[in-house]
Amino acid sequence: MIDLSEPRPHVALVTLDRPARRNALDLAGFRELAATWREVAAGGARVAVVTGGADFSSGADLATFSDDVAAALRGGESATDLWAEVHFALLRDAVLTVPVVAAIEGICFGAGMELVGATDIRVAAESARFCLPEVRHGFIASGGSVARLPRQIGYPAAMQVLLTGERFDATRMREWGFVGEVVPDGSAIERALEIAERIAANASEAVRGVKRAVGEGLRGTLAQAFEIESRVSEEVLAVSRGPAS
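Here the structure is a predicted model, which is why all the values come from computation and not from measurement.

(A) The arrangement of the packing of aromatic side chains in detail. Applying the stated rule across the entire model yields four aromatic pairs. Plain terms: the ring middles of Phe-130 and Phe-178 are 5.9 Å apart, the flat faces sit at 80 degrees to each other, and that makes the pair edge-to-face. Here Phe-130, found in strand E7 (residues 129–131), pairs with Phe-178, found in the loop between helix H7 (170–176) and strand E9 (181–183); they are 48 residues apart in sequence, far enough to count as distant. With respect to burial, Phe-130 and Phe-178 carry one shared label: buried.

So this is what it looks like as structure tokens:
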């Protein structure tokens, strides 16, 4: 269901591969995705790309997900551990030191859109469609979107996405700043790999430092962000200079 490869030097490619269900994730799929991110974190990749082929993901597989969760809880797994694994799969609480680039074709719904919202750079095909339909099913987008989306695209746009459950095209999401580039259909993965290759060619400690400083800074005030920026900058420079002679 989840494939991990290295199509370019130092670039990890994570592919959601369940086309018969438009890459919907059942509980086993979430667990496999979480394990894949841990493998990426432990490996030597300098950047990761996540994609899904013709469709990025239709989200959680509602046909089985609730029953799978109930069975896991009956089997003795704690709810805390189970949801922590799901959230790790969506990078909600996971802290990856490497940047993640998303290549989005087709539909990007529910948990799929929540995963994209956790990535650092996003390339979408012209016909890509985005949706958080959770409110239509009686729950909320708790894989990170309720907390993260207003900070990413602003309050009014985020509330329109979160409260209506409507579908939005790539152009609109680009206007709102949710995706960085819109490219012709079928070319999202190639463009994402180009970006990843450019990132991988840079000084890895500096790249990781930028990601860490930005991530930590967004969690606090502007003054705290400046302090974090200065601290991480000094740490990166110290590594670049090497040990004092």
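(B) Main features of empty space enclosed by the protein. Here the structure, examined in full by the defined rule, presents one cavity of 30 Å³ or more. Space inside the largest cavity adds up to approximately 40 Å³. The wall of the largest cavity is formed by Met-113, Glu-114, Gly-117, Leu-132, Ser-145, Arg-148, Leu-149, Gln-152 and Phe-178. In terms of residue count, the dominant contributor to the lining of the largest cavity is helix H5 (residues 145–153) (four residues). Here the lining of the largest cavity is composed, by residue class, of four nonpolar, three polar and two charged.

(C) Main features of the packing of helix H1 (residues 27–42) against helix H3 (residues 79–89). Two numbers describe how H1 lies on H3: the axes approach to 8 Å, and their chain directions differ by 60 degrees. Taken together, the axis directions place H1 and H3 in an arrangement best described as oblique. At the point where H1 passes H3, the crossing takes the left-handed sense. Where H1 abuts H3, its residues Leu-27, Phe-30, Arg-31, Leu-33, Ala-34, Trp-37 and Arg-38 lie against Leu-82, Glu-85, Val-86, Phe-88 and Ala-89. Residues that form the contact of H1 with H3 fall into these classes: nine nonpolar, no polar and three charged.

(D) Local environment of the side chain of His-87. Counting through the fold element by element, His-87 comes out in helix H3. Residue classification places His-87 among the buried residues on the basis of a relative accessible area of 14%. Contact partners of His-87, with chain neighbours within four places excluded, come to Arg-92, Asp-93, Ser-142 and Gly-143.

(E) A look at the state of the cysteines. The final tally for this structure, using the stated rule, is zero disulfides. We note that Cys-108 lacks a disulfide partner, and the nearest cysteine sulfur, in Cys-131, lies 9.9 Å from it. Taking the relative accessible area as the measure of exposure, Cys-108 reaches 0% and is therefore buried. Classification of Cys-131 by relative accessible area gives buried; the value is 1%.

Reading guide: rules and limits
Residues numbered from 1 in each chain as written. Predicted model: local features only at pLDDT ≥ 70, side-chain atom pairs only at ≥ 80, totals over all residues. Heavy atoms only, no water. Phe/Tyr/Trp six-rings, centres within 6.5 Å; stacked < 30°, edge-to-face > 60°. Helix = DSSP H or I, 4+ residues; strand = E, 2+ residues; numbered from the N terminus. Buried < 20%, exposed > 50% of the residue type's maximum accessible area, 1.4 Å probe, protein only. 1 Å grid on protein atoms, 1.4 Å probe; cavity = no way out; pocket = protein on both sides within 12 Å on 5 of 7 lines; lining within 4 Å. Points joined across faces, edges and corners; volume = space filled by probe spheres on them. Nonpolar A, V, L, I, M, F, W, Y, C, P; charged D, E, K, R; others polar. Axes fitted to C-alpha atoms, helices over the stretch in contact; angles between N-to-C directions. Parallel < 35°, antiparallel > 145°, perpendicular 65-115°, else oblique. Left-handed = near helix turned anticlockwise from the far one by under 90°. Contact = heavy atoms within 4.5 Å. Disulfide = S-S within 2.5 Å.

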